[in-house]
Amino acid sequence: MNSNNVPRIPLLIGGERVQSRTDQWRDVVNPATQQVLARVPMATADEVEAAIAAASRAFATWRRAPIGARARVFLRYQHLIRENMKPLAAMLTAEQGKTLADAEGDVFRGLEVVEHAANIGLLQMGELANNVANGVDTHTLLQPLGVCAGITPFNFPAMIPLWMFPMAIACGNTFVLKPSEQDPMVTMRLAELALEAGVPAGVLNVVHGGAEVVDALCDHPAIRAVSFVGSTRVGTHVYRRATLAGKRVQCMMGAKNHAVVLPDAHPAQTLDALAGAAFGAAGQRCMAVSVAVLVGAARAWLPGLVERARRMSVGDGSAKGTDVGPLISCAARERVEALIARGVEEGARLELDGRLPPLDGGLREGNFVGPTIFSGVKPGMALYDEEIFGPVLCIVEAATLAEAIAFVNANPNGNGTALFTQSGAAARRFEEEIDVGQVGINVPIPVPVPLFSFSGSRASKLGDLGPYGKQAVLFHTQTKTVTTRWFYDDVSAGVDTTITLR
């Protein structure tokens, strides 16, 4: 297709779809076929400034919107997302590559946060202590901060933006969103639906771009808080730069998630869970299981795991029956293939090789790597030390649960982990001793529902508060504590102090 005929993705500034004046554009490519779907602009400095200015102007009125009015916007918004679930998922699959089932799950998990935002009337309540001293009362107000910003990754282009802007806006803030330039189409459609639901002009703005736009959001004095999900390298940069500029910052970053398997675990369910968690979404989940620690007799399960992975279908995510879609880009595929080759060179045993999977027709140009399993993996190998972000599972052995816990805790990252067992005692010990943000017991990808907050420890998270749940309200509001005292005549003097309401 001629590049002049490819749709150009607009910016969203002040409620208007604005065509960028930049001379820098990037192709949005279907990773299964290499078809160019659209072109996305790298916004200019003036365009970023315009988006922030629009958000600043809108805050003056939106902050005063009644809390019930804010809640009703998100009641309408969740209805619109439900009505558009199928086309949103199809768009997401086309630009990101994950299967349609995974794409619907991506949208649905974001929808759950929108539903949570509709409860803002309960979530944003302050506290009151009556008569803390003679005639003195104290109460708190949770007031919006101002303009907030979000920087989101390619792997969940629906869910993660919906983690961020609904809660921020429901709290009375305005928002500037920078989605991934690799797959911004579904994010833009969700922003359009938000306006249709009643989000006022300027309350939600979207700019596209790379490092320059990220730095501008970190530096701008009008932005009060920044949320980020992505790599440890970029997240550390965002945290340092934005906090230096005096902003609140929450960064959800890299991972190396371990699943510990005890010999008493349910075999079939455990193998299915490991295969789905390691290879689903082509391993491009921050919560993907990338290391399985087989404890004691569970080490004999390796052949069964290899056979289960071998049966998974690799192909276009839009095709029925596909289990593993493509990686997001040619560069991502080359990086994963290079890490597989390096694993062999460093002495790990390649139990299942997913490079060059058999594919038909136009898919031969796609960014496909099939399920890959290594055993004999050790710390110090690139396979273990780096976040692969592909369908590669490393197998590690441990003699005891204690040894497995120590192994997991020694990893620099602490995003998610799981234990497979039928022992309540083992599960309780694991919960108590593991130093990881999200813990699953017979649940391979333990992402919490929005009533709770996404978390993380060590190198997987910077900042004290999470992106949704009650912590999101605390992150997006300023607590104001008010102490009051009213004077009236002493009753003992014979003066009637009764207040009559007219």
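Preceding this paragraph is the structure being described.
The rules behind the values
Residues numbered from 1 in each chain as written. Predicted model: local features only at pLDDT ≥ 70, side-chain atom pairs only at ≥ 80, totals over all residues. Heavy atoms only, no water. Salt bridge = Lys/Arg side-chain N within 4 Å of Asp/Glu carboxyl O. Helix = DSSP H or I, 4+ residues; strand = E, 2+ residues; numbered from the N terminus. Buried < 20%, exposed > 50% of the residue type's maximum accessible area, 1.4 Å probe, protein only. Axes fitted to C-alpha atoms, helices over the stretch in contact; angles between N-to-C directions. Parallel < 35°, antiparallel > 145°, perpendicular 65-115°, else oblique. Contact = heavy atoms within 4.5 Å. Nonpolar A, V, L, I, M, F, W, Y, C, P; charged D, E, K, R; others polar. Expected span 1.5 Å × (residues − 1). Pairing = 2+ DSSP bridges. Phe/Tyr/Trp six-rings, centres within 6.5 Å; stacked < 30°, edge-to-face > 60°. Polar contact = N/O pair within 3.5 Å; in protein donor to acceptor, adjacent residues only side chain to side chain.

(A) Quick look at the pattern of salt bridges. Counted by the stated rule, this structure contains 23 salt bridges. The shortest N-O distance in the salt bridge between Arg 241 and Asp 215 comes to 3.3 Å. With Arg 241 in helix H9 (residues 232-244) and Asp 215 in helix H8 (residues 211-219), this pair connects stretches of sequence that are 26 residues apart. Across the salt bridge formed by Arg 241 and Asp 219, the nearest N and O atoms sit 2.7 Å from each other. Placement of the pair is Arg 241 in helix H9 and Asp 219 in helix H8, with a sequence separation of 22 residues. Here Arg 241 falls in the partly exposed class, since its relative accessible area comes to 31%. Put simply, Arg 335, Arg 342, Glu 346 and Glu 386 are held in one network by salt bridges that share partners.

(B) The packing of helix H2 (residues 67-83) against helix H6 (residues 159-170), seen in detail. Running from amino to carboxyl end, H2 crosses H6 at an angle of 150°, the nearest separation of the two axes being 9 Å. In terms of orientation, H2 and H6 fall into the roughly antiparallel class. Along the contact surface, H2 presents Arg 70, Phe 74, Tyr 77 and Ile 81, while H6 presents Leu 162, Phe 165, Pro 166, Ile 169 and Ala 170. For the contact of H2 with H6, a count of residues per class yields eight nonpolar, no polar and one charged.

(C) Region of interest: H6. Taking 1.5 Å per residue as the helical rise, H6 with its twelve residues ought to reach 16 Å, and the 17 Å between its terminal C-alpha atoms agrees with that figure. Residues of H6 that are buried: Met 159, Ile 160, Pro 161, Leu 162, Trp 163, Met 164, Phe 165, Pro 166, Met 167, Ala 168, Ile 169 and Ala 170. Looking one or two residues past H6, Gly 172 carries a phi angle of roughly 105°, positive in sign.

(D) Just the environment of Leu 190, in detail. With respect to the helices and strands, Leu 190 occurs in helix H7 (residues 185-197). Looking at Leu 190, the relative accessible area reads 1%, which means it is buried. Between the C-alpha atoms of Leu 190 and Val 107, which are 83 residues apart in sequence, the distance is 9.6 Å. Sequence-distant contacts of Leu 190, defined by excluding residues within four places in its chain, comprise Tyr 77, Ile 81, Leu 88, Ala 158 and Leu 162.

(E) Here's a closer look at the sheet that holds strand E5 (residues 128-133). With antiparallel pairing, the three strands of this open sheet are ordered in space as E5-E6-E22. Single-partner strands in this sheet number two, and they are E5 and strand E22 (477-485). In this sheet, adjacent strand axes meet at a mean angle of 30° when their direction is disregarded. Pairing analysis gives three bridges linking E5 to strand E6 (residues 136-144), with the strands arranged antiparallel. Counterpart to Leu 128 in the pairing with E6 is His 139.

(F) Fine view of the packing of aromatic side chains. Using the criterion set out here, one finds seven aromatic pairs in the structure. An angle of 65° between the planes, with centres 6.4 Å apart, marks the rings of Phe 74 and Tyr 77 as edge-to-face. In this pair, Phe 74 and Tyr 77 are both assigned in helix H2, three residues apart and thus about one turn of the helix distant. Of the two residues, Phe 74 and Tyr 77, both sit in the buried class.

(G) Region of interest: unusual backbone geometry. Residues other than glycine seldom take positive phi values, yet Ala 281 does so here, at roughly 55°. For Ala 281, the location among the structural elements is in the loop between helix H10 (267-279) and strand E13 (289-295). Taking relative accessible area as the criterion, Ala 281 reaches 8% and is therefore assigned buried. In this model, Ala 282 sits at a positive phi of 55°, which is unusual for a non-glycine residue. Following the sequence through the fold, Ala 282 ends up in the loop between H10 and E13.

(H) Up close: the side chain of Gln 78. Take Gln 78: it is sitting in helix H2. With residues up to four places along the chain from it excluded, the contact list for Gln 78 reads Leu 111, Val 114 and Glu 115.

(I) Structural view of the side chain of Thr 322. You can see Thr 322 is positioned in the loop between helix H11 (302-310) and helix H12 (330-345). From its side chain, Thr 322 meets the backbone oxygen of Asp 316 in a polar contact 2.9 Å long. Reaching out from Thr 322, the side chain makes a polar contact with the backbone oxygen of Ala 319 at a distance of 3.2 Å. Setting aside its immediate chain neighbours within four residues, Thr 322 contacts Thr 99, Ser 313, Val 314, Gly 315, Asp 316 and Gly 317.

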